[in-house]
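Inside the fold
Each chain, written out:
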Amino acid sequence: MRISKTLRLAALGVAGALALAACSSSGGAQENTSSDDGGAIAPAAGGTSYTIAMVTHEQAGDTFWDKIRAGAEAAATAHGIDLKYSNDPDGAKQATLIQNAVDSEVDGIATTMATPDSVGPAAQAAAEAGIPVVAFNSGISDYSRFGVGMYFGSDEDLAGQTVGERIVADGGTKTLCVIQAQGSVALDARCNGVTKTAGNTEILYVNGEDLTAVQSTLQAKLQQDPSITDIVTLGAPIAMTALQAKADAGSQATVITFDLNADAAQAIQDGDIEFSIDQQPYVQGYMAVTALWLNLSNGNDIGGGKPTLTGPSIVDATNIGPIVDYAKNNTR
């Protein structure tokens, strides 16, 4: 039976999330998968089994989302959940996927809110229909105004400020912050945060759906402006592209990134990327699904009025050792 209460605004220290658990190119493809619940524990008191929809703005080719899904699928397996995953980077189409989930009578919905004005009303309609909804990954400033009860993700403005502070402390004098998806509130918040603490920051928009074009645009910018001391990318695939652009341009700029994949983790270990600001997407996926399961099966609301923060977490030469293997396994 579907729980009809609208979830309250939630919060939880990230330590609790971690204890429980252990933002990209061409789009439009909608994918649906179910979790493998072989070996799963009893799903809930009384043997109730739940179907949960996860709807994201994933763009094809971004390894970041592999970690979100790995966490979500691990939670689904642990709790006997039938997980339905779908994605579309277009906000209006993502909203349609949420409505599709409502129409199929799922028990709960976990969604990202990269474009809150498009996705938010659909999430609000789901909550008003009695379906528990949690947000994760993006939309930290907007989820509560749409009646969404919980949020799991990083404070992107704080993360950006952290990057800027470190750039200045390390002697950086001119920063280039690269946004690969125009209109994403999370990506904008990251670069805006950098600008707050590293004042001489220029924002460069690129088309993250075309890494070849990204490389050529970055190379041209670095050749045109040799005063750039630091390049901040907002996703691991863009960081790897920036490394090639830097080499081709003969630039000495330091590369810093948000998020990790196996290649970026290795590049940090090798000294090619200075550090990453990690929002821990595996934890986001795991906790979004687990929080819905706890609410459905036991009436729990996680937190006390604030988002559950999964970041920012700095990954650099001091702690990269074991994280290289975690990144390869899609858990970090």
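Residues numbered from 1 in each chain as written. Predicted model: local features only at pLDDT ≥ 70, side-chain atom pairs only at ≥ 80, totals over all residues. Heavy atoms only, no water.

1. Overview of the sheet that holds strand β1 (residues 51-56)
- Strand order in the open sheet formed by 6 strands is β2-β1-β3-β4-β5-β11, with parallel pairing between adjacent strands. At either end of the open sheet lies a strand with only one pairing partner, and these are β2 (82-87) and β11 (308-311). Direction aside, neighbouring strands of the sheet carry axes that sit 15° apart on average.
- Sheet analysis places strand β5 (residues 150-154) next to β11, joined by 3 bridges and oriented parallel. Note that in β11 the partner of F152 across the bridge is T308. (Pairing = 2+ DSSP bridges. Helix = DSSP H or I, 4+ residues; strand = E, 2+ residues; numbered from the N terminus. Axes fitted to C-alpha atoms, helices over the stretch in contact; angles between N-to-C directions.)

2. Describing the packing of aromatic side chains
- Taken as a whole and assessed by the stated rule, the structure comprises 3 aromatic pairs.
- Relative to Y151, the ring of Y143 has its centre 5.2 Å away and its plane inclined at 25°; by these criteria the two rings are stacked.
- With centroids separated by 6.3 Å and ring planes inclined at 25°, the aromatic side chains of Y282 and Y286 adopt a geometry described as stacked. In this pair, Y282 and Y286 both sit in helix α10 (residues 281-298), 4 residues apart, roughly one turn of the helix. Residue Y282 shares its accessibility class with Y286, and that shared class is buried.
- Sitting over the face of the ring of Y85, R69 holds its NZ or CZ atom 4.1 Å from the ring centroid. (Phe/Tyr/Trp six-rings, centres within 6.5 Å; stacked < 30°, edge-to-face > 60°. Buried < 20%, exposed > 50% of the residue type's maximum accessible area, 1.4 Å probe, protein only. Lys NZ or Arg CZ within 6 Å of the ring centre and 35° of its normal.)

3. Observations concerning unusual backbone geometry
- Looking along the chain, the bond that leaves G311 and enters P312 is cis, with omega of 10°.
- Within the secondary structure, P312 is located in the loop between β11 and β12 (313-315).
- Positive phi, close to 75°, is recorded for N137, a residue that is not glycine.
- Assignment of secondary structure puts N137 in the loop between β4 (133-136) and β5.
- Taking the relative accessible area as the measure of exposure, N137 reaches 0% and is therefore buried.

4. A short note on the pattern of salt bridges
- Overall, the coordinates contain 13 salt bridges when judged by the stated rule.
- Two residues, R145 and D117, come together in a salt bridge whose shortest N-O distance is 2.9 Å. Taken together, the residues R145 in the loop between β4 and β5 and D117 in helix α4 (residues 116-128) connect sequence positions 28 residues apart.
- Residue class for D117 comes out exposed when judged on its relative accessible area of 60%.
- Put simply, R332 and D278 hold a salt bridge, and the shortest N to O gap is 2.4 Å. Of the two residues, R332 is situated in the segment after α11 (320-328) and D278 in strand β10 (residues 276-278); the sequence distance between them amounts to 54 residues.
- Accessibility expressed as a relative area gives 0% for D278, which makes it buried.
- When salt bridges that share partners are traced, they join K174, E202, K221 and D225 into one network. (Salt bridge = Lys/Arg side-chain N within 4 Å of Asp/Glu carboxyl O.)

5. Digging into the packing of helix α9 (residues 262-270) against α11
- Between α9 and α11, the shortest axis-to-axis distance is 8 Å and the interhelical angle comes to 165°. Here α11 runs roughly antiparallel to α9, going by the angle between their axes. Relative to α11, the crossing made by α9 is left-handed. Residues A262, A265, Q266, I268 and Q269 of α9 form the contact with α11, whose participating residues are I320, G321, V324, A327 and K328.
- Split into classes, the residues belonging to the contact of α9 with α11 amount to 6 nonpolar, 3 polar and 1 charged. (Parallel < 35°, antiparallel > 145°, perpendicular 65-115°, else oblique. Left-handed = near helix turned anticlockwise from the far one by under 90°. Contact = heavy atoms within 4.5 Å. Nonpolar A, V, L, I, M, F, W, Y, C, P; charged D, E, K, R; others polar.)

6. Focus: the confidence of the model for the chain
- Confidence in the prediction for the chain averages 88 pLDDT; 85% of positions are at 70 or higher.
- Here residues 1-46 scores under 50 on pLDDT; set against residues more than four positions off or in separate chains, the count is 132 contacts. (pLDDT = per-residue confidence, 0-100.)

7. Notes on α11
- Residues of α11 that are buried: I320, I323, V324 and A327. Viewed along the axis of α11, the buried residues span an arc of 115°, placing them on a single side of the element.
- Positive phi shows up at N330, right after α11, with a value of about 65°. (Arc of directions from axis to C-beta.)

8. Remarks on the state of the cysteines
- Under the criterion given, the structure shown has 1 disulfide.
- Here C177 pairs with C191 through a disulfide, and the sulfurs are 2.0 Å apart. Of note, the bridge from C177 to C191 carries an S-S torsion of about -90° and is left-handed in sense. Of the two residues, C177 is situated in strand β6 (residues 175-179) and C191 in helix α6 (residues 185-197); the sequence distance between them amounts to 14 residues.
- A residue is classified by how much of its surface remains accessible, and C191, at 0% relative accessible area, is buried. (Disulfide = S-S within 2.5 Å.)

9. Regarding helix α8 (residues 236-249)
- With 14 residues, α8 should cover 20 Å at 1.5 Å per step; its first-to-last C-alpha distance of 20 Å lies within 8% of that length.
- Regarding α8, the residues found buried are A236, P237, I238, A239, T241, A242, L243, A245, K246 and A249.
- Buried residues in α8 make contact with β6, α7 (211-224), β8 (230-233), β9 (254-258) and α9.
- Looking one or two residues past α8, G250 carries a phi angle of roughly 70°, positive in sign. (Expected span 1.5 Å × (residues − 1).)

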